[in-house]
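Coordinate inspection notes
Letter by letter, the chains look like this.
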Amino acid sequence: MKNKRHPSGTDFPVKNDILRALLNSEYKHLSPMLERVELKFGEIIYQADQRIHHVYFPETAVVAMVDTVEDGATVEVGIIGHEGMVGINIFLGCLVTPDKAIVQISGSAMRMKTNDLRKELRFGSPLQRLLLRYTQVLLAIISQSVACSQHHTVGQRLARWLLTMHDHAESNEFEMSHKSIAAMLGARREGVTEEAVKLQAAGLIAYRRARIHILNEAGLKRNSCECYRFIRQQFDGMLKEVPAFLTGKPRISGYRTR
Amino acid sequence: MTGTSHPQQNHILDALPQPERERLFPHLKLVELPLGEVLYESGDTLRHIYFPTDSIISLLYVLEDGASAEIAVVGNDGAIGVALFMGGETTTNRAIVQSAGSAYMLAGTRLKEEFGRHGQMLHILLRYTQALITQMSQTAVCNRHHSVDQQLCRWLLLSLDRLSSAKLTMTQELIANMLGVRREGVTEAAGKLQRLGVITYQRGHITVLDRPRLEQLCCECYGVVKKETDRLLPLHPLHLRGEQPLTVRDAEVRVK
C-alpha cells in the first residue's frame, strides 16, 4: 500500500469529527494507536472480500464505498469524509468488507489497526456510542442511495454527487474524470459527459484537464435531487447529538416518547 | 399459526446463548402481521423491535414525491428496528408486511436492559446490521445494472428463503413498487418465468415450481446476499466457525 506517514506527523489537530468528538481523555488514550497517513486519489484501500487490517478516519481525504457486480460494473453506496470512518464492518464484528473502498479526493486520514479498535470498543464507551450512531447514519445513506439510483436522473445524481464532493473538498476544485464519476453513479460515461456539458453551459461548473471547478453551489442545489439535502441532514443530526454522547450517559433515545 | 410459532424460528433469537434466551423469551410477544400492515413509517420513533418467524417485511425508502424503493427484505433471518439500538431519534425507512405471518415483538426498554448486561445480543444484532448493509448495497448495484427479469428472480429467491413454503401472496403492482419499476415490466418478466415453467401466477399467488432454474436465471446478487447472510448469521455459535467474536471488555464507561 502506498500510504506513508504525513510529513507533519500528528502535530496538527485531528480533523475527523468522530475522533474530535471523543473526550479529551479518551482521545489521549487512543492517540498512540492512531497514525496519520496520506491517501492518494484513485488508491484502493480495501478490495472486496479481503481481510481488513486498518480502519481509517478521513480528515481531508474522501473515500467512496463502491459495490461491484461480476462484469465489473459499479455503483457508489456511500461517500465517507471527515465525518466518518472507513471500515465500519470491523465495528460490526466482521473481518472482511464486501465493498471496495476507493479514494476520491487525496488527503490525510488517521488510521488505526483493527485489533486496536476491537480492544477499544468497550460496552457503552463514547467510541462505541459514536460508531453506533454513525452506523445508523450510514444505513440511512445507503438506503437513500438505493432509491436515488432507481428513481433519479443522471443529471440530478451528478449534481448531488458534485455537491457532496464539494462539501468535503477543501477548495472549489477537485480532480475527477468523467469515467470515474460514471463508475460512481453507475451510469454510462456518455450520459455523464452529456450532463456535465449542460452544467458547464449553465455556468455551474467548469471542467478543465480532469479537474472540476464548482462555480455556483446554489445552482447545483437546484439541479440536485432531494438526496443531497437528506445526506446533509443525517450528518448534521449526528453532529448535533455529539454533546449528548459526551455526557457519558448511555442513552438510547428511541425510547423517548414524543 | 400461533400454536406452532416458537422464538427459535427466528435466527437471531436462536443464536442467543441459553441464559439470554431464558431472560428474554418471557418478554417476547407473538404478534400476527397481516399483509400490507405498516410496522413503522419513515420519521417514526421506534419503540419495539420485531423478530419475524414466518412473515416477510419489506424495508422501503420513500422519496418526497411518494415513490419508493425496497432496500431490504427481512424475514426469519433478521430483525425489524435495528435503528432502535443505535441511538438516533428516528428511522428513515418504512417497514411494511409483504407476506403475512407472525413475529415476536420486544419492547425497546427490554432490549436496552439486555444491552446493559453486556451479553451477546448486541453483537448478534451488529452482525445482522452488516448483513443488512450488504443486502442494501447489492440492491443498489443490482437496480442499476441488471434487468427487471433478473431483479424479479433475485426478489423471489430472497423472499422464498425467508418463507417456509414455495407460495408467495403478492400482486404484480406490489412487486413493481418493491423493485421500483413499472408494473408492465414486472408483468412481462413474470410472464416469461411462467412460460418457462419456473413459476405459476394466479390471482395474486406466485408459486415457484422450479427453484434451481430460478437460481440459474438470476443475477449473482442473490448469491452474494445469501453468502454474506449465512456467513454472518449462522445457526452455530461464533467460535465454532473459526471467527472471533468481537472482544468487548466489560469495563466501566470511562467518564472524565
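These figures come from a predicted structure and were not determined experimentally. (Residues numbered from 1 in each chain as written. Chains lettered and ligands numbered in written order. Predicted model: local features only at pLDDT ≥ 70, side-chain atom pairs only at ≥ 80, totals over all residues. Heavy atoms only, no water.)

Residues and elements named next belong to chain B. Strand order in the open sheet formed by three strands is 8-10-9, and the pairing between neighbours is antiparallel. On the outer flanks of this sheet lie strand 8 (167–169) and strand 9 (199–202), each paired with one strand and no other. Direction aside, the axes of adjacent strands within the sheet are offset by 15° on average. Alignment of strand 9 against strand 10 (residues 205–208), held across four bridges, turns out to be antiparallel. Across the sheet, residue Y201 finds its bridge partner in strand 10, namely I206. (Pairing = 2+ DSSP bridges. Helix = DSSP H or I, 4+ residues; strand = E, 2+ residues; numbered from the N terminus. Axes fitted to C-alpha atoms, helices over the stretch in contact; angles between N-to-C directions.)

This part is about the sheet that holds strand 6 (residues 94–99) of chain B. Sheets are built from strands that pair by backbone hydrogen bonding, the pairs being arranged parallel or antiparallel. Residue and element names in this part refer to chain B. Strand order in this open sheet of four strands is 2-6-4-5, and the pairing throughout is antiparallel. One side of each edge strand has no neighbouring strand; the edge strands of this open sheet are strand 2 (38–40) and strand 5 (68–74). Averaged over neighbouring strand pairs, the angle between their axes works out to 35° when direction is ignored. The pairing of strand 4 (residues 56–62) with strand 6 spans five bridges and is antiparallel.

Side chains carrying opposite charge are able to pair once their charged atoms draw close together. As enumerated under the stated definition, the model contains 20 salt bridges over all chains in all. In this structure, E190(A) engages R188(A) in a salt bridge whose closest nitrogen and oxygen atoms are separated by 3.2 Å. For E190(A), a relative accessible area of 46% translates into the label partly exposed. On the basis of relative accessibility, which here comes to 56%, the residue R188(A) falls in the exposed class. Where salt bridges share partners, they join D161(B), R211(B) and E215(B) into one cluster. (Salt bridge = Lys/Arg side-chain N within 4 Å of Asp/Glu carboxyl O. Buried < 20%, exposed > 50% of the residue type's maximum accessible area, 1.4 Å probe, protein only.)

Each partner contributes to the interface: chain B provides 67 residues, whereas chain A provides 67 residues. Taking both partners together, chain B and chain A bury about 6,000 Å²; carbon and sulfur atoms supply 57% of that area. Viewed at the interface, chain A and chain B are joined by one salt bridge. Close ionic contact of R229(A) with E64(B) constitutes a salt bridge, the shortest N to O distance being 3.4 Å. In this assembly, chain B and chain A are joined by 12 residue pairs in polar contact (both at pLDDT 80 or more). Across the side of chain B that touches chain A, the residue classes tally to 27 nonpolar, 23 polar and 17 charged. (Contact = heavy atoms within 4.5 Å. Buried area = accessible area lost by both parts, 1.4 Å probe. Polar contact = N/O pair within 3.5 Å; in protein donor to acceptor, adjacent residues only side chain to side chain. Nonpolar A, V, L, I, M, F, W, Y, C, P; charged D, E, K, R; others polar.)

Residue and element names in this part refer to chain A. Relative to the helices and strands, G237 is located in helix 10 (residues 227–240). Under the relative-accessibility criterion, G237 is labelled buried at 16%. As for G237 and R129, which are separated by 108 residues in sequence, their C-alpha atoms are 15 Å apart.

A word on the confidence of the model for chain A. Any region with low pLDDT has predicted coordinates that should not be read closely. Residues and elements named next belong to chain A. With 90% of its residues at a pLDDT of 70 or more, chain A has an overall mean of 85. With pLDDT under 50 throughout, residues 1–10 is counted as low confidence; its partners more than four residues away or in other chains account for 24 contacts. Taken together, the stretch residues 249–258 has pLDDT below 50 and engages in 31 contacts with residues farther than four places along the chain or on a different chain. (pLDDT = per-residue confidence, 0-100.)

This next bit is on the nonpolar core. Counting residues in each nonpolar core, the largest one holds 140 residues, and the members touching the most others are M85(A), F51(B) and F85(B). Contacts of F51(B), omitting those with residues within four sequence positions, involve N10(B), I12(B), L13(B), L28(B), G78(B), A79(B), A103(B), Y104(B), L106(B) and M121(B). One finds W161(A), A187(A), I205(A) and L220(A) within the second-largest nonpolar core, a separate group that totals 29 residues. (Core = buried A, V, L, I, M, F, W, Y, C linked by side-chain atoms within 4.5 Å.)

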